[in-house]
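For reference, the chains in residue letters:
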Amino acid sequence: MKAIIKRECKSYLKNPIFWIGLLLVTLGIYQSVASYLGVHYFQSDQEVKSKEAKVITDADITEGYVPSTQEEQLFLGSEEIKNTLIEEGICSQREAEEAAGKLKTLTIEEADAYMEEEYGFYGAQYVFEDYKYHQGTAQEVNKYIKEKLQEHSFSYYFGRKFADFLGVHMAFFAVVILSVLYFGDTRKNTYELLHTKAISSGAYIMGKTLGGFVVLLISCGILNLLFTILCIYHQWKAGLGVRPEDAFALLKASCMYVLPNMLMIVCVYTIVAVLFKNPFPAVPLLVLYIIYSNMGSIGPDGQYGYYGKPLAIVVRFPGKFFDTAPPPMVFWNQLFLLAAAAAVTMLAVQVWKRRRVY
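Residues numbered from 1 in each chain as written. Predicted model: local features only at pLDDT ≥ 70, side-chain atom pairs only at ≥ 80, totals over all residues. Heavy atoms only, no water.

1. Some words on the UniProt feature "transmembrane region" (unreviewed entry) in the protein chain
Part 1 of the argument: In the numbering used here, UniProt assigns the "transmembrane region" (unreviewed entry) feature to residues 17-39, 162-184, 210-233, 254-276 and 331-352.
Part 2 of the argument: Across residues 254-276 one finds 96% helix and 0% strand; the C-alpha atoms that close the span lie 32 Å apart.
Part 3 of the argument: End C-alpha atoms of residues 331-352 are separated by 32 Å, and the span's content is 100% helix alongside 0% strand. (UniProt positions renumbered as here; feature names shortened; annotations may be inferred. Helix = DSSP H or I, 4+ residues; strand = E, 2+ residues; numbered from the N terminus.)

2. A look at a nonpolar patch on the surface
Part 1 of the argument: The grouping of Leu-311, Met-329, Phe-331, Trp-332, Leu-335, Phe-336 and Leu-338 at the surface amounts to a nonpolar patch, some 700 Å² of accessible area in total.
Part 2 of the argument: Relative to the helices and strands, Leu-338 is located in helix α15 (residues 330-354).
Part 3 of the argument: Its relative accessible area of 38% is what places Leu-338 among the partly exposed residues. (Patch = residues over 30% accessible without salt bridge, like charges linked within 9 Å, V, L, I, M, F, W, Y side chains within 5 Å. Areas by Shrake-Rupley, 256 points an atom, 1.4 Å probe, with all protein chains shown as cover. Salt bridge = Lys/Arg side-chain N within 4 Å of Asp/Glu carboxyl O. Buried < 20%, exposed > 50% of the residue type's maximum accessible area, 1.4 Å probe, protein only.)

3. A closer look at the pattern of salt bridges
Part 1 of the argument: Taken as a whole and judged by the stated rule, the model has seven salt bridges.
Part 2 of the argument: Salt-bridge contacts for Lys-208 lead to Glu-8; the nearest nitrogen and oxygen are separated by 2.6 Å. Of the two residues, Lys-208 sits in helix α11 (residues 201-237) while Glu-8 sits in helix α1 (residues 2-13), which places them 200 residues apart along the sequence.
Part 3 of the argument: Residue class for Lys-208 comes out buried when judged on its relative accessible area of 1%.
Part 4 of the argument: Since its relative accessible area comes to 6%, Glu-8 is described here as buried.
Part 5 of the argument: Among the ionic pairs, Glu-79 bridges to Lys-104, the shortest N-O distance being 2.8 Å. Of this pair, Glu-79 sits in helix α4 (residues 70-87) while Lys-104 is found in the loop between α5 (93-103) and α6 (108-119), placing the two residues 25 residues apart along the sequence.
Part 6 of the argument: The class for Glu-79 is partly exposed, based on a relative accessible area of 23%.
Part 7 of the argument: Each of Arg-7, Glu-8 and Lys-208 takes part in salt bridges that share partners, so that together they form one network.

4. Considerations on a negative patch on the surface
Part 1 of the argument: There is a patch of like negative charges on the surface, built from Glu-80, Glu-87, Glu-88, Glu-129 and Asp-130.
Part 2 of the argument: The set of elements that each furnish at least two residues to the negative patch consists of α4 and α7 (124-130).
Part 3 of the argument: By the element assignment, Glu-88 lies in the loop between α4 and α5.
Part 4 of the argument: Judged by relative accessible area, which is 56%, Glu-88 ranks as exposed. (Lys, Arg positive; Asp, Glu negative; His and termini not counted. Charge placed at Lys NZ, Arg CZ, Asp CG, Glu CD.)

Structure follows, in C-alpha cells:
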C-alpha cells in the first residue's frame, strides 16, 4: 500500500499540469481574499469616506462599514425609500417625507406592511436589509475592529474566509486533477493484470485512495503555508497584533472545513472507477455535487441564504469579515462525510474483490 501511495505522489509531483493547476488555484484564492488583507485602523473620516462602496451589499469592514442599530437601519432605509417614492413619482415630496417620518417610528416588519398597504410599495424589508451595515466614522470603525480583535485574532477571521475560498477552488482542482488517478489502471490490459497480482483488494483501494488524498494534502499544505505567511505579515504591518496561535489558525480552519470534503471527492472517484471501470463518469457527477453543496436555501427565518446541505463537500462563509459563522450542523456534517467516505471505500474494496481473477 505504501508503494502505491508513493507512486501516486511522485507521479503527480513530476507532472507540470499539477503545478500549473496549483498556481491557478493560488491566484484564484488570492484574488478572493486579497481585500481582507487590507483590514486596518483608519486614520481619519476622510480616509473612510474615500472607500465608500458603490454597492452597499458588497461593502465590508475594509470600506469602513459597521453593523447598524435598528434605529440606524430604519433611518437609512426610510431615506432610501423616500427618494425612491419621489423619483418614481409615486407621491409628492411632502408625502414622501411624511411616509419616511412614519417609517422611522415602526419596526422593520411593520414598515414593510405599511408601505405595501398605503403605497403599494413591495419589498421595503429588503431595502432595510441593505442597511444592516453602514459606513461609520473612523472612530466607530476603529472601535468595532478593536472589539472584534479582543474576541478573536485577525487570523481567526481570515482563516474562515480562506477556508471558504480554499474549499471551492480545491473542490474544482480535485475534480480535474484526480480524473487521471485511476485512468491508467482502468485500461483493459492493466485492469486485468492488476486483478491477478498478489496485492489485496483492500491494500490496492486504500493505496489509491490515500495516494490521491495525500496529493491534495500536499496542495493544501502549500496553500496554507503561503497564505499563513501573507496573513501574519499583513496582520503585523497593520498593527493588529500577532499571537503564537496565529501560525495555526488557517491550518485549523482547513482541517475542519476542507479536508473531509477532499477525502469525499477522492472516494467518489474510487467507487465510480471500480464500478464503471472508468473514472471519467465521476467528473459530471462531482460537478453537480459541488453545485448542490454551494446552493442556498430558505432558512427558518424565511430569508434566502447559505445554510449548508447534508453531506455537502463545500463549506461557505458568506457573511461579512468579522461576522462569518459556519452553517448550522457543519461539525456533524463533516463527521458524516468521514463516515460516508469510509463506507464508500469499503464498498469499493468489495466491488474490486469480486472482480479479481484467481
